[in-house]
Amino acid sequence: MIEINFNPTVDAEKTQQILAEIAADPMGGWVKLPKKYDMGEFARIKDAAKKIRDESEYLVCIGIGGSYLGHRAIIEALRPKSETKIIYAGNSLSQRELERALEKVGDHDFSVNVISKSGTTLEPAIAFEAFKKKLIEKYGEEGAYDRIYATTDANTGALHDEAVANNYTRFVVPDNIGGRYSVLTAVGMLPLAVAGVDVDKLLEGAAEAVDNDTDKAVRYAWMRKTLGVKNYDTEVFASFEPATMYFNEWLKQLFGESEGKNRQGIFPAAVIYSTDLHSLGQFMQDGRRNLLETIIEYPTDELNSKVVQAVKLAHTAGGIPVLDIKIDTYDERGFGELIYFFELSCAVSAKLFGVNPFDQPGVEAYKAELKKLMEETK
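Read on for a plain summary of the structure. (Residues numbered from 1 in each chain as written. Predicted model: local features only at pLDDT ≥ 70, side-chain atom pairs only at ≥ 80, totals over all residues. Heavy atoms only, no water.)

## Regarding the overall build of the protein chain
Per the secondary structure count, the protein chain includes 14 helices and ten strands. C-alpha extents for the protein chain along the principal axes are approximately 65 × 45 × 40 Å. Per-residue burial for the protein chain yields a buried fraction of 52% across its 378 residues. Put simply, the protein chain has 44 plus and 58 minus side-chain charges, and the middle of one group is 2 Å from the middle of the other. (Helix = DSSP H or I, 4+ residues; strand = E, 2+ residues; numbered from the N terminus. Buried < 20%, exposed > 50% of the residue type's maximum accessible area, 1.4 Å probe, protein only. Lys, Arg positive; Asp, Glu negative; His and termini not counted. Charge placed at Lys NZ, Arg CZ, Asp CG, Glu CD.)

## Some details on the pairing of strand β6 (residues 169–172)
Here strand β5 (residues 148–152) runs beside β6; their pairing, made up of four bridges, is parallel. When the bridges of β6 are listed, T152 appears paired with V172. Handedness of the β-α-β unit built from β5, helix α6 (residues 158–166) and β6 comes out right-handed. (Pairing = 2+ DSSP bridges. Right-handed = clockwise from strand over helix to strand, strands pointing away.)

## Comments concerning the sheet that holds strand β3 (residues 85–89)
Reading across from one edge, β3-β2-β4-β5-β6 is the order of the five strands in this open sheet, with parallel pairing throughout. Only two strands of the sheet have a single neighbouring strand rather than two, namely β3 and β6. Shown here is a sheet whose adjacent strand axes are inclined to one another by a mean of 20 degrees, direction ignored. Relative to β5, strand β4 (residues 110–115) runs parallel, the two sharing four bridges. Each bridged residue has a counterpart across the sheet, and for I115 the counterpart in β5 is T151. Against the sheet, helix α2 (residues 39–55) makes contact with β2 (58–62), β4, β5 and β6, and its axis sits at roughly 140 degrees relative to β6, the strand it touches most. Against the sheet, helix α7 (residues 186–195) makes contact with β2, β3, β4, β5 and β6, and its axis sits at roughly 160 degrees relative to β4, the strand it touches most. (Axes fitted to C-alpha atoms, helices over the stretch in contact; angles between N-to-C directions. Contact = heavy atoms within 4.5 Å.)

## Let's talk about helix α10 (residues 245–259)
Its 15 residues place the ends of α10 21 Å apart at the C-alpha level, agreeing with the 21 Å of an ideal helix rising 1.5 Å per residue. Among the residues of α10, those classed as buried are Y246, F247, N248, W250, L251, Q253, L254, F255, S258 and E259. Check the buried side of α10 and you find it contacts α3 (69–78), α9 (214–228), β7 (234–239), β8 (267–272), β9 (291–297) and α13 (332–352). (Expected span 1.5 Å × (residues − 1).)

## Observations regarding the packing of α2 against α7
Between α2 and α7, the least distance of the axes is 8 Å, while the angle of their chain directions is 40 degrees. Looking at the two axes, α2 sits oblique to α7. Of the two elements, α2 crosses α7, and the hand of that crossing is right-handed. Between α2, through E41, F42, I45, A48, A49, I52 and R53, and α7, the contact on the second element is made entirely by A186, M189, L190, A193 and V194. (Parallel < 35°, antiparallel > 145°, perpendicular 65-115°, else oblique. Left-handed = near helix turned anticlockwise from the far one by under 90°.)

Next comes the structure, spelled out in structure tokens:
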């Protein structure tokens, strides 16, 4: 169960209008997903995960942004037990990182899950070519293709066409769910199941949030909007568990890509306490007062709990609005609940700032510049 410590003024009529718009949006498929999951697809995901675990020591997950941050966040946080380990690639253009990933796989048995709706995003495309070559060298063409799992568009795109031509096992990136909202689709569920995460409980937690946390998510969105118009333009997501670093990274993408348009939105940053109290703590306490802080409080030991309370008292006294979001279980059910809570609050918040929560036109700017630079060097 999620608990919150704030109760802003909420315009009920405007809220109902926003919730209806989100549910009806062509990219709002995630809203009902936890309660109306395609259980046939869910069974296919779990069957594929079992096959991967049976024959591979490593699963290489290739993707960037929403194609990897959500499931990596949960895997890193829960550190489930599985004989098959997850390696990530295709989330940067660093040749060093790609070589390190290839070296880590070495001569071990492995499979590849390439996650890309179009198949043309540069970072994963380069990594996929490198690992596909390694698969073919190790298993031959037919054996290699049996170890490739493509999560991509249902009908079109370069990766879809290649997957059909080579008979890769295919899963769908839904047309009505964008990448940063896709954790509970096959995008996230296949790697999670391979890693040993109880995906049934994860889905149950998200379904509970649909039933129990809509009002809390709405209040969080209104609280952010209330502070945003008072020039609190930077939000620091804070947690006290180092293993949740990637959950904070997912939150940064979720809110940054959803809200940061038309010169609107609150800039998302993240810290891990108590570590960052010894690097950023001074600024948090006495720096510019444009910061608001969202503390995600997980169940913890007595000493860490006292640190949480001390930080909340000190930062509140220092003039930082502290929004406390508390979850009562550090497990699949709890993270499923948090995922849905933040997805909904983010979508509502973006609407309150007057922007579309589901597009990301600014992301294309650097791609266009990179394309021009690459063409100049041909």
